[in-house]
Structure formats: structure tokens, C-alpha cells
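Each chain is listed here by its residues.
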Amino acid sequence: MATQAATLARATTQASAGVLLPAFTLWWREIVRFYRQTTRVIGVLASPLVFWIVLGSGFGSSFRSGGGASQQHYLDYFYPGTLIMIVLFTSIFTMMSVIEDRKEGFLLSVLVAPVPRAAIVLGKVLGGTTLAAVQGMVFLIFAPFAGVHLDPVQVLLVGVVVFLVSFALTALGFAIAWPMDSSQAFLGIVNLFLIPLWLVSGALFPLAGASGWIRVIMRLNPLTYGVEALRGLLYPGGETSFPLSSAMATLVLFSLVMFGLAFLMANRRTTRPAA
């Protein structure tokens with residue numbers, strides 16, 4: 001009995017190492033690869049920042065959320081949506097590395113190695129998630145300019161929300177990029193599907209003021225719950241469309257579904273060459 005238990009424990013340890021070590025290696029590769037490209041780092045932060053300042057200032061005098069004394073300047077209202085935009089851009093565009101790895105032959109070398117597909121998915125997704133979450137949290141340095149003053153607990157909860165959104169979007173980006181061999185096709189999908197997904201997430205306008213059919217789409221959009229969760233944490237006294245608990249539960253479910261989709265795409269049988 002003791003021998004069988006030791007054998008089982010050793011097999012479990014080897015299986016864990018067989019997944020975790022390759023996943024860690026791919027995760028680290030994504031981190032190093034991204035931060036060696038300084039222009040990408042600057043672009044990810046600078047573009048949403050300019051968008052936030054210009055659009056927020058432009059609509060500032062013509063848009064107010066809330067009522068009476070609780071009216072909110074649009075620059076403040078748009079801040080959570082800008083944070084989600086940073087996470088979206090980083091998560092999705094980081095997964096373009098899947099297409100680049102296929103063209104360079106790196107993906108083929110990984111696929112023929114004795115590495116489980118789960119390790120490939122986990123490593124790539126966690127790499128993109130880390131980058132997106134870090135970029136999103138860095139944007140919090142501008143929070144005081146949006147009238148936000150966070151305590152440590154709020155920062156921790158914001159970090160959890162940002163991580164869940166980053167994980168879900170990175171897994172979605174992986175699932176989209178895996179069957180593709182063209183960066184142009186990937187960008188086409190992003191422009192056609194993912195950017196409109198952000199536009200109807202409550203980032204630009206509140207759910208309560210939207211027309212009927214848009215309101216339905218916004219309620220079905222998982223990103224809406226991420227924006228609302230951030231808005232509730234950043235502005236505790238403000239109005240939100242969903243309780244924080246239900247928004248967090250939706251984000252957890254969204255993350256699990258997207259990771260499952262990425263795993264299924266990576267394990268799908270195909271006759272097309274991987275590289």
C-alpha cells in the first residue's frame with residue numbers, strides 16, 4: 001500500500017512538473033518579449049491615456065452621469081472604461097504572438113516537444129494576463145486626476161477584477177489567434193468584434209440611458225460587468241447597474257469559459273500544419 005501511494009505521489013508530482021515548468025517557461029518568454037519592445041509598452045499606455053483625456057474633456061461639458069449633486073464629470077465616468085480599454089488592447093494584441101510563433105516555427109517546435117497542450121495554453125494565457133493586468137494597474141497612478149482615492153483593500157479588489165478581465169480576454173485572444181496564420185485576419189476580427197464589445201460595455205455611456213436593444217446587448221456583454229465592478233470599486237458612492245458580487249461571479253464564469261474555449265481550440269484536431 002505504501003509503495004502504491006509513493007508511486008501515485010511521484011506520478012502526480014511528475015505530471016504537475018510536466019505542466020507547470022513548460023507553462024512557466026512560456027509565461028516568462030511572453031514577459032521578456034513584450035518589455036524588450038519599448039514602443040509597445042509606450043503605445044499600450046499612451047493611446048488610452050490620450051483617448052481618455054481628449055474624449056473625457058470633450059464630453060465633459062455636455063455629459064453628466066447621476067443626478068443632482070452626485071453628477072459626475074465625464075472624465076471621471078470614462079476612467080474605468082479607459083482602464084478596461086488598456087486591458088483589452090494588451091490582452092488581445094499580446095496573443096498576436098501565437099501567429100508570429102507559428103510563422104517563425106517556434107510553435108511547431110513546442111508542439112512536437114513532449115509538452116501537454118494544457119501547458120502551452122496556460123503559459124501563453126498567463127503571460128498575456130500578467131502583461132495586461134500590470135499595464136492596467138499602472139494606469140491607477142492617474143486615479144487621483146479622476147477623483148479616485150483608493151485604500152489598500154480597494155486596490156486589492158481592483159486588482160482581482162483587472163486580473164479576471166485580463167485572463168478572460170487573453171484566453172479569448174488565444175482562441176481567436178490559434179487557428180489563424182495571418183495578422184491581418186486577426187486584426188480584422190478585433191476591429192469587427194472586440195472593439196464594438198468594448199463600446200457597448202458601459203465604458204462610453206451608462207446602461208440606464210441606452211436604448212432598449214442596446215441595453216439587452218450590454219447586459220449580455222461580459223465586459224459590462226467588468227466595467228461596472230471597477231466603477232463600483234473606484235466610486236463607492238456612485239450608481240452601478242449590478243451588485244459587486246454578481247459582477248465578480250460573472251467575471252469568474254467568463255474567465256473559465258474563455259479558458260475552456262482556448263483549451264478546446266488548442267486540442268482540436270486539424271489537418272492544417274501548425275507552422
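Residues numbered from 1 in each chain as written. Predicted model: local features only at pLDDT ≥ 70, side-chain atom pairs only at ≥ 80, totals over all residues. Heavy atoms only, no water.

**Examining the overall build of the protein**
Part 1 of the reasoning: Along its length, the protein carries twelve helices and two strands.
Part 2 of the reasoning: Taking all 275 residues of the protein together, the buried fraction comes to 45%.
Part 3 of the reasoning: Once local pairs closer than 6 in sequence are excluded, the contacts in the protein between residues at least 24 apart make up 77%.
Part 4 of the reasoning: Approximately 13,300 Å² of the protein is accessible, and the part contributed by carbon and sulfur atoms is 71%. (Helix = DSSP H or I, 4+ residues; strand = E, 2+ residues; numbered from the N terminus. Buried < 20%, exposed > 50% of the residue type's maximum accessible area, 1.4 Å probe, protein only. Contact = heavy atoms within 4.5 Å. Areas by Shrake-Rupley, 256 points an atom, 1.4 Å probe, with all protein chains shown as cover.)

**A short note on the nonpolar core**
Part 1 of the reasoning: Ranked by internal contacts, the top residues of the largest apolar core, which has 75 residues, are Tyr-79, Phe-174, Phe-186 and Trp-198.
Part 2 of the reasoning: Residues within four places of Phe-174 in sequence aside, it is in contact with Met-95, Val-98, Val-121, Lys-124, Val-125, Ala-262 and Ala-266. (Core = buried A, V, L, I, M, F, W, Y, C linked by side-chain atoms within 4.5 Å.)

**Quick notes on the packing of aromatic side chains**
Part 1 of the reasoning: In this structure the tally under the stated criterion is ten aromatic pairs.
Part 2 of the reasoning: Pairwise contacts between aromatic rings join Phe-24, Trp-27 and Trp-28 into one cluster.
Part 3 of the reasoning: Of note, Arg-102 hangs over the ring of Trp-178, and the distance from its end group to the ring centre comes to 5.7 Å.
Part 4 of the reasoning: In this structure, Arg-231 is placed above the aromatic ring of Tyr-77, and the distance from its NZ or CZ to the ring centre is 3.9 Å. (Phe/Tyr/Trp six-rings, centres within 6.5 Å; stacked < 30°, edge-to-face > 60°. Lys NZ or Arg CZ within 6 Å of the ring centre and 35° of its normal.)

**Here's the deal with the pattern of salt bridges**
Part 1 of the reasoning: Summed over the entire model, instances satisfying the criterion amount to seven salt bridges.
Part 2 of the reasoning: The salt bridge partner of Arg-33 is Glu-104, with a shortest N-O separation of 3.9 Å. Highlighted residues: Arg-33 in helix H1 (residues 2-35) and Glu-104 in helix H5 (residues 96-104), separated in sequence by 71 residues.
Part 3 of the reasoning: Owing to a relative accessible area of 16%, Arg-33 belongs among the buried residues under this scheme.
Part 4 of the reasoning: Between Arg-231 and Glu-228 there is a salt bridge whose closest N-O contact spans 3.5 Å. (Salt bridge = Lys/Arg side-chain N within 4 Å of Asp/Glu carboxyl O.)

**Notes on the packing of helix H4 (residues 79-94) against helix H8 (residues 152-177)**
How two helices sit against one another is set out by the angle between their axes and by the gap between those axes.
Part 1 of the reasoning: At a minimum axis separation of 8 Å, H4 and H8 run at an interaxial angle of 35°. H4 and H8 meet at a crossing whose hand is right-handed. On H8, the residues touching Leu-83, Ile-84, Val-87, Leu-88, Ser-91 and Ile-92 of H4 are Val-162, Val-165, Ser-166, Leu-169, Thr-170 and Gly-173. (Axes fitted to C-alpha atoms, helices over the stretch in contact; angles between N-to-C directions. Left-handed = near helix turned anticlockwise from the far one by under 90°.)

**A short note on a nonpolar patch on the surface**
Part 1 of the reasoning: Among the surface-exposed residues, Tyr-35, Val-134, Val-138 and Ile-141 lie close enough to one another that they form a single nonpolar patch of about 330 Å² accessible area.
Part 2 of the reasoning: Summarising the element assignment, Ile-141 is placed in the loop between helix H7 (117-138) and H8. (Patch = residues over 30% accessible without salt bridge, like charges linked within 9 Å, V, L, I, M, F, W, Y side chains within 5 Å.)

**Focus: the environment of Arg-268**
Part 1 of the reasoning: Relative to the helices and strands, Arg-268 is located in the segment after helix H12 (244-267).
Part 2 of the reasoning: A relative accessible area of 47% places Arg-268 in the partly exposed class.
Part 3 of the reasoning: For the pair formed by Arg-268 and Pro-179, sequence separation is 89 residues and the distance between their alpha carbons is 9.6 Å.

**A word on H5**
Part 1 of the reasoning: Listing the buried residues of H5 in full gives Met-96, Ser-97, Val-98, Ile-99, Asp-101 and Arg-102.
Part 2 of the reasoning: Positive backbone phi, approximately 90°, marks Gly-105, located one or two places after H5.

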